[in-house]
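Residue strings, one per chain:
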Amino acid sequence: MTDYVTPKGIAVWPKLNTPDFKWNADGEYTVKLKISAEESQPLIKQLEMLRDTYLSNAIKEDPKVAKYGMAPLYEEEADDQDNLTGFNIFKFKQKAKITTRKGETIEKRVALYDSNKTPTTSTVTGGSTLRVAGSVFGYAMPSSRMVGLSLRPEAVQIITLASAGGGEAAATMFEKEDGFVADSFANVETAVDDDADF
């Protein structure tokens, strides 16, 4: 179930095409999304409501949770001099493999769509403009005595795809030749899902 769809934001260190195994042996799909403070306010309010609903239910199960603090839902971006930049950073993380209580392993992926809601396998690079649709997982951590939400991406819409860098300027040195012509989008052969949340 989709709990939220973000406004447009700038991707920071995206690992959405293949899992990142640096901190988790099973792999994780991750991305940070930089959204202007003004445009992120509706998302913040929505997440606060989801967190408050989770907190209310958690207190019913364990009254001690009422004394826990609130983990931040986002981070305010600051420059090298600790001046706020006017952007908020939202962190999204989805495990690549989930083991159920029955011991079954389920492989997860983050669905990628282009700006027209067509599935794509294009590599998402830092600096790309994205929207993220996903779910939340509420947690109450006795060790830190904090309540918060984990933002789990389910689908990403690529509004503009940033260049991977390096070759564009050099490409002007070539002349056009007859031969291989690349597709403009590396789309998977799947019908457009008009019911997608974007």
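Summary of the structure given here. (Residues numbered from 1 in each chain as written. Predicted model: local features only at pLDDT ≥ 70, side-chain atom pairs only at ≥ 80, totals over all residues. Heavy atoms only, no water.)

1. Regarding the packing of aromatic side chains
We describe a pair of aromatic rings using the distance from one ring centre to the other and the angle between the two ring planes.
Right, on to step 1. If you walk through the whole model with that rule in mind, you get two aromatic pairs.
Right, on to step 2. Ring geometry for Tyr4 against Phe92: centres 6.0 Å apart, planes inclined by 35°, an arrangement best described as tilted. In this pair, Tyr4 sits in strand E1 (residues 4-5) while Phe92 sits in strand E6 (residues 84-95), placing the two residues 88 residues apart along the sequence. Both residues of the pair, Tyr4 and Phe92, count as buried.
Right, on to step 3. Both rings, one in Tyr74 and one in Phe90, keep their centres 5.6 Å apart while their planes meet at 35°; by these two values the pair is tilted. (Phe/Tyr/Trp six-rings, centres within 6.5 Å; stacked < 30°, edge-to-face > 60°. Helix = DSSP H or I, 4+ residues; strand = E, 2+ residues; numbered from the N terminus. Buried < 20%, exposed > 50% of the residue type's maximum accessible area, 1.4 Å probe, protein only.)

2. Brief notes about the nonpolar core
Right, on to step 1. Counting residues in hydrophobic clusters, the biggest one holds 23 residues, and the most contacted among them are Tyr4, Leu16, Leu47, Phe90, Phe92, Leu130 and Val156.
Right, on to step 2. Going through the elements one at a time, strand E2 (9-20), strand E3 (28-36), helix H1 (41-61), E6, strand E10 (129-141) and strand E11 (146-160) are the ones with two or more residues in this core.
Right, on to step 3. If you look at the next biggest cluster of nonpolar residues, it comprises five residues, including Leu55, Ala58, Val65 and Tyr68. (Core = buried A, V, L, I, M, F, W, Y, C linked by side-chain atoms within 4.5 Å.)

3. Quick word on the pattern of salt bridges
Right, on to step 1. The final tally for this structure, using the stated rule, is four salt bridges.
Right, on to step 2. Here Glu77 ties to Lys34 by a salt bridge, and the two come within 3.8 Å at their closest N and O atoms. Taken as a pair, Glu77 in strand E5 (residues 75-78) and Lys34 in strand E3 lie far apart in primary sequence, 43 residues in all.
Right, on to step 3. Judged by relative accessible area, Lys34 falls into the partly exposed class, the value being 22%.
Right, on to step 4. The salt bridge involving Arg51 is made with Asp52; its shortest N-O contact spans 3.8 Å.
Right, on to step 5. For Arg51, a relative accessible area of 12% gives the class buried.
Right, on to step 6. The exposure class assigned to Asp52 is partly exposed, which follows from its relative accessible area of 40%. (Salt bridge = Lys/Arg side-chain N within 4 Å of Asp/Glu carboxyl O.)

4. Observations concerning the side chain of Thr129
Right, on to step 1. Structurally, Thr129 can be placed in strand E10.
Right, on to step 2. With residues up to four places along the chain from it excluded, the contact list for Thr129 reads Lys8, Gly9, Ile10, Gln157, Ile158, Ile159 and Thr160. (Contact = heavy atoms within 4.5 Å.)

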